[in-house]
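# Fold and contact review
Residues per chain are reported as follows:
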Amino acid sequence: MRAGKLDRRIEIHRLTETGRTAFNEPVLSWSKVATVWAQQRPDRGTERFAAAQVNGAAVLSFHIRYRADLTEKDRIVYEGRTYEIVAPPREIGRRSVTEIDCVTRTS
């Protein structure tokens, strides 16, 4: 992948255990794993009318340098919006690029 195409900064967040309660239940919070350069690839958006409100979903794909530690349980923060990873990240080429499909909800 050419470095010139990687013109956006995204943060990769992961749900991690930060401690335990008095009842020994895990306390989970989102923590930043990495900030990486990415190429944004807009796909499509959807909109539907439900319960007298218009709800939409913005769907994006990001290409980043290959990372083996990403899963669909992680999430992406880009331009102040949180994107949920909706499919397992895909390897493109021989471990050179990881493609991440994400969606965010708008209301």
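As shown above, the structure is provided for reference.
Now for a quick tour of the structure. (Residues numbered from 1 in each chain as written. Predicted model: local features only at pLDDT ≥ 70, side-chain atom pairs only at ≥ 80, totals over all residues. Heavy atoms only, no water.)

## Things to note about unusual backbone geometry
With phi around 50°, glutamate 79 is a residue other than glycine that occupies positive phi space. Residue placement: glutamate 79 occurs in the loop between β4 (75-78) and β5 (81-85). The phi torsion at arginine 95 lies on the positive side, around 55°, for a residue other than glycine. Turning to its location among the elements, arginine 95 is positioned in the loop between β6 (90-92) and β7 (97-106). (Helix = DSSP H or I, 4+ residues; strand = E, 2+ residues; numbered from the N terminus.)

## So, the nonpolar core
Core analysis: the largest hydrophobic core is formed by 15 residues, its most contacted members being Ile10, Phe62, Ile64, Ile76, Tyr78, Ile100 and Cys102. When residues of this core are traced back to their parent elements, those giving at least two are β1 (8-20), β2 (26-50), β3 (53-65), β4, β5 and β7. Not counting residues up to four positions away in its chain, the partners in contact with tyrosine 78 are Arg8, Arg9, Ile10, Gln40, Leu60, Phe62 and Tyr83. (Core = buried A, V, L, I, M, F, W, Y, C linked by side-chain atoms within 4.5 Å. Buried < 20%, exposed > 50% of the residue type's maximum accessible area, 1.4 Å probe, protein only. Contact = heavy atoms within 4.5 Å.)

## Structural notes on the pattern of salt bridges
Pairing between side chains of opposite charge can happen when their charged atoms approach one another. By the definition in use, this model includes eight salt bridges. For glutamate 11, the salt bridge identified is with lysine 32, shortest N-O distance 3.9 Å. Of the two residues, glutamate 11 sits in strand β1 while lysine 32 sits in strand β2, which places them 21 residues apart along the sequence. Look at glutamate 11 and you get partly exposed, because its relative accessible area is 25%. Note that glutamate 99 is salt-bridged to arginine 90, the shortest N-O span being 2.6 Å. Accessibility expressed as a relative area gives 16% for glutamate 99, which makes it buried. By relative accessible area, arginine 90 is classed as partly exposed at 32%. When salt bridges with common partners are traced through the structure, they connect Arg14, Arg67, Asp69 and Asp74 into a single cluster. (Salt bridge = Lys/Arg side-chain N within 4 Å of Asp/Glu carboxyl O.)

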